[in-house]
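Structural overview for review
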Amino acid sequence: MAIIESYRAEPGAVTARARPAAVDTAPRQTPPSPATAALPAGSPRVSVVIPARDEARNLPLVLAELPEGLHEVVLVDGGSRDGTVAAARRARPDVRVVRQTRRGKGNALVCGLAACTGEIAILLDADYSADPGEIAAFVAKLREGADLVKGSRFLHGGGSSDLTAVRSLGNKTLLFLMNRLYRTSFSDLCYGYNALWTRCFEDLELPSVGPGEAEFGDGFEFETVLAAHAATARLEIGEVPSFERDRRFGESHLNTWRDGWRVLHAILRERLPSVAACPAAGPSAEPSAEVLATAVPAGAEKRS
Ligand SMILES: Nc1nc2c(ncn2[C@@H]2O[C@H](COP(=O)(O)OP(=O)(O)OP(=O)(O)O)[C@@H](O)[C@H]2O)c(=O)[nH]1
Ligand SMILES: [Mg+2]
């Protein structure tokens, strides 16, 4: 397993700021993205997988910035109650809507990956933090030979206006541990903007897509599980610089301490088998009875 691009960020590339405690009702002052780079002609079929729970105000902004030439957009809805699915259909009538089978962002992504029909899958958050203008760079890195490409806020050219000081410190600590235990040289870890060749899906041994009991990897620890399994499977892992913007509306679903603990668990369980036997602390996501009641296997929506 090799890291294709691992040069370090210049000091100060990532900025920390205090996070407002209250739910906001107005858009934050994030500058609009520059013109979204179109995918070059002759690109493999690119599916964009977007997990969303209550992102009706953010998602249309994200969909409007997607590049031309995508194969499909797969929205994985987590039982949203704010009209997220309707907003997505209005903004992009060809969107494919997949319902997740359990709860949590990780389960949503696995269901989306199982349902997508392109050769490349881009995992893109719905909260406006991931810039669709960077999709072309992820695709280019995959075409250069990577199996999995991780976005990195810490490479030169990357950054964040959304990372608090506490999360930045936690990310660095967990990253150090990850790189030591897996002999990797990642420059970022807890970041949701990633891309992969869908042919690698089976090799990654991700949590199952079927309904039933919660599985480890169903929550925000998913990105760490993805990286750990890719390293263990000796996949070629690349990084591209990425700038994490502010979420535009609403509030994060992530709980720093609960989800940080689960990331730690994800790092250790592959290398220390005794850890795998210990239960991970806390639920992977807020309970969502609607999701559980209406869950359908994502594979059922898979196109031929
Ligand atoms: N389908 C689905 N999507 C989810 C779930 N939880 C979170 N998401 C989506 O996953 C994406 C990332 O969630 P955020 O709450 O922004 O968390 P984050 O980006 O890791 O953390 P922040 O940096 O605080 O924003 C967003 O598009 C959410 O709507 C879930 O249970 N189901
Ligand atoms: Mg976010």
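Let me begin by describing the structure that accompanies this report. Every value quoted in this text rests on a predicted model; they were computed, and no experiment measured them.

Here's the deal with the site of ligand 1
As a structural note, the neighbourhood of ligand 1 is formed by 24 residues, with G78, A108, A126, S252 and H253 the closest of them. If you list the elements that add at least two residues to the shell around ligand 1, you get strand 1 (46-52), strand 2 (72-77) and helix 3 (105-115). Broken down by class, the residue content of the shell around ligand 1 amounts to eight nonpolar, seven polar and nine charged.

Remarks on unusual backbone geometry
For residues besides glycine, phi is generally negative; the peptide bonds are generally trans as well. The backbone of R183 sits at a positive phi, close to 55 degrees, despite the residue not being glycine. Tracing the sequence through the fold places R183 in the loop between helix 5 (165-182) and strand 7 (194-197). According to the C-beta neighbour criterion, R183 is exposed, with 9 such atoms within 10 Å. Positive phi values are uncommon outside glycine, yet E205 reaches one of about 45 degrees. Locating E205 in the fold gives a position in the loop between strand 7 and helix 6 (222-232).

Here we look at the packing of helix 5 against helix 7 (residues 256-271)
Two quantities define a packed helix pair, namely the angle between the axes and the distance from one axis to the other. Between helix 5 and helix 7, the least distance of the axes is 10 Å, while the angle of their chain directions is 5 degrees. It follows that helix 5 is roughly parallel to helix 7 by the angle criterion. Along its contact with helix 5, which presents V166, R167, G170, L174, L177, M178 and L181, the element helix 7 presents T256, G260, V263, L264, I267 and R271. Residues of the contact of helix 5 with helix 7, tallied by class, amount to eight nonpolar, three polar and two charged.

Remarks on the environment of N58
Along the chain, N58 turns up in the loop between strand 1 and helix 1 (59-64). Between the C-alpha atom of N58 and that of S129, which follows or precedes it by 71 residues, the distance is 9.5 Å. Apart from residues no more than four positions distant in its own chain, N58 is found in contact with A126, D127, Y128, R247, R248, F249 and G250.

With respect to the environment of A64
Structurally, A64 is set in helix 1. You can call A64 exposed: it has 12 C-beta atoms within 10 Å. Each C-alpha atom, one on A64 and one on A91, is 7.4 Å from the other, the two residues being 27 residues apart in sequence.

The rules behind each value
- Residues numbered from 1 in each chain as written.
- Chains lettered and ligands numbered in written order.
- Predicted model: local features only at pLDDT ≥ 70, side-chain atom pairs only at ≥ 80, totals over all residues.
- Near = placed C-beta within 6 Å.
- Helix = DSSP H or I, 4+ residues; strand = E, 2+ residues; numbered from the N terminus.
- Nonpolar A, V, L, I, M, F, W, Y, C, P; charged D, E, K, R; others polar.
- Buried ≥ 20, exposed ≤ 12 C-beta atoms within 10 Å, placed from the backbone.
- Axes fitted to C-alpha atoms, helices over the stretch in contact; angles between N-to-C directions.
- Parallel < 35°, antiparallel > 145°, perpendicular 65-115°, else oblique.
- Contact = placed C-beta atoms within 7 Å.

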